[in-house]
Each structure stands twice: as C-alpha cells, then as structure tokens.
Amino acid sequence: MRAVVQRVSHASVSVDGTITGEIGAGLLILICAMEGDTEAQADAMAAKIAKLRIFKDDQGKMNRSVTDIAGSALIVSQFTLAADLRGNRPGFSTAAKPETGQRLYEHFTTRIAAAGIPTANGIFGADMAVSLTNDGPVTIWMDI
C-alpha cells in the first residue's frame, strides 16, 4: 500500500459539490492499494499512521500522534499514487484492480477507526474535490 499523509488544520472532500467528508485538526490520508496488497499490509499501514508522531508537543517538536491530539482522519482513495512515470504519460498498471482496491480501502478505514481515530471519507472511485489547509506544511509519503 502507498499513502500520502498530510497534517492538516482542516480538510474536506466533495463529490458533485456535496461534501462527503470533513475534519478539523488531524490527518488527510490519500491511500492507494497496489497490485498484490493484502489486508495485512492495510493493517500495518493503519497501525503505522495511527502512531505517527507528526504533531507538535509543548516544546514545538513533532512528538504527538493524531490520537494524542484527539484529531480525526479524512481518508481518500487515490489510485494515481500508483503512477508509473517512465514516460510523460503516467501508467497505473501497478494499482490494485478496483474491486480489490475498494476492499482494501474500506479495510484500511475500519482499522484507522478501530485505533480510536474518528474518520471521514471520500467515495471510492468518484471524481472528488479535496480541500485542505496543510499544517506546517507536513506531508509524508509511505509505502508498506
């Protein structure tokens, strides 16, 4: 699995002008299931992100997790994270097939929620508009 994790003060996702998910302080997680990924990888990714210490402590150091700050997570599926850029036109053949991608996306979302993090979501496969205020900015790319 591949993810881009952004520390945000606010984020939302909408489909056809209707907000489908919105959070205040927390994490915007763009997630992509890759060909061959499993539930175990989704579990590992969720566990890593839930414990990721990228929020400031009282000394201004990145030492707190999203749970430490009582933050939320906006989780958006994004198959384009699988882009192969050998040429000028990206290819996406390394992304999981839509059925597998959706299953792993939903599994990942349930694992984040099970970690005690309130979640909001986009709609898998939809044409979405994501709005965010990146705090820091802090943006981290992860592969598992």
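Residues numbered from 1 in each chain as written. Predicted model: local features only at pLDDT ≥ 70, side-chain atom pairs only at ≥ 80, totals over all residues. Heavy atoms only, no water.

K.L.:
For this particular structure, what's the right way to read the nonpolar core?
P.N.:
One broad rule of soluble globular proteins: the nonpolar side chains tend to lie buried together. Formed by 26 residues in total, the largest nonpolar core has its most connected members in Ile29, Ile31, Ile49, Phe108 and Ile112. Among the elements that take part in this core, helix α1 (residues 39–51) stands out by supplying five residues, more than any other. Apart from the residues within four sequence positions on either side, isoleucine 49 is in contact with Ala3, Val5, Leu27, Ile29, Phe108, Ile112 and Met142. Judged by nonpolar contacts, the second largest core, of 17 residues, contains Val8, Ala11, Cys32 and Ala82. (Core = buried A, V, L, I, M, F, W, Y, C linked by side-chain atoms within 4.5 Å. Buried < 20%, exposed > 50% of the residue type's maximum accessible area, 1.4 Å probe, protein only. Helix = DSSP H or I, 4+ residues; strand = E, 2+ residues; numbered from the N terminus. Contact = heavy atoms within 4.5 Å.)

K.L.:
Help me understand the environment of phenylalanine 124 in this model?
P.N.:
Along the chain, the position of phenylalanine 124 falls in the loop between β7 (119–121) and β8 (128–143). Overall, the relative accessible area of 28% leaves phenylalanine 124 in the partly exposed class. Expressed as a C-alpha distance, the spacing of phenylalanine 124 and phenylalanine 79, which sit 45 residues apart in the sequence, is 9.7 Å. Among residues more than four places away in sequence, those in contact with phenylalanine 124 are Ser77, Pro98, Gly101, Gln102 and Tyr105.

K.L.:
Would you mind showing me how to read the packing of aromatic side chains here?
P.N.:
We describe a pair of aromatic rings using the distance from one ring centre to the other and the angle between the two ring planes. Scanning the model with the defined rule gives two aromatic pairs in all. Ring centres 5.0 Å apart and planes at 70 degrees place the aromatic pair phenylalanine 79 and phenylalanine 92 in the edge-to-face group. With a gap of 13 residues between them, phenylalanine 79 in the loop between β6 (72–77) and α2 (98–114) and phenylalanine 92 in the loop between β6 and α2 connect regions that are remote in the sequence. With 5.9 Å between their ring centres and 40 degrees between their planes, tyrosine 105 and phenylalanine 124 make a pair best called tilted. Here the residue tyrosine 105 occupies a position in helix α2, and phenylalanine 124 occupies one in the loop between β7 and β8, the gap between them amounting to 19 residues. For tyrosine 105, a relative accessible area of 6% gives the class buried. (Phe/Tyr/Trp six-rings, centres within 6.5 Å; stacked < 30°, edge-to-face > 60°.)

K.L.:
How should unusual backbone geometry be read in this particular structure?
P.N.:
Leaving glycine out, the prevailing phi sign among residues is negative, and the prevailing peptide bond configuration is trans. Residue proline 137 is bonded to the preceding glycine 136 through a cis peptide linkage, with omega at -5 degrees. Position of proline 137 relative to the elements: it lies in strand β8. A positive phi angle, near 55 degrees, is found at aspartate 16, a position not held by glycine. Here aspartate 16 lies in the loop between β1 (2–15) and β2 (18–23). Although it is not a glycine, alanine 70 sits at a positive phi angle of roughly 55 degrees.

K.L.:
Would you explain the layout of surface pockets in this entry?
P.N.:
Considering only enclosed or pocket space, the largest pocket measures out at about 400 Å³ in volume. The element that contributes the greatest number of residues to the lining of the largest pocket is α2, accounting for four residues. Split into classes, the residues belonging to the lining of the largest pocket amount to 16 nonpolar, five polar and two charged. (1 Å grid on protein atoms, 1.4 Å probe; cavity = no way out; pocket = protein on both sides within 12 Å on 5 of 7 lines; lining within 4 Å. Points joined across faces, edges and corners; volume = space filled by probe spheres on them. Nonpolar A, V, L, I, M, F, W, Y, C, P; charged D, E, K, R; others polar.)

K.L.:
Help me understand the side chain of asparagine 121 in this model?
P.N.:
Mapped onto the secondary structure, asparagine 121 falls in strand β7. Engagement of the side chain of asparagine 121 in a polar contact is seen with the side chain of tyrosine 105, the distance being 3.3 Å. When residues no more than four places from it in sequence are discounted, the contact partners of asparagine 121 are Val13, Thr20, Gly21, Leu74, Ile75, Tyr105 and Thr109. (Polar contact = N/O pair within 3.5 Å; in protein donor to acceptor, adjacent residues only side chain to side chain.)

K.L.:
Looking at this structure, I do not really get the environment of threonine 67. What am I missing?
P.N.:
Structurally, threonine 67 is set in the loop between β5 (62–64) and β6. Here the alpha-carbon distance between threonine 67 and valine 5, two residues 62 residues apart in the chain, equals 15 Å. Not counting residues up to four positions away in its chain, the partners in contact with threonine 67 are Ala50, Ala115 and Ile117. Of note is the side chain of threonine 67, whose polar atom sits 2.8 Å from the side chain of serine 65.

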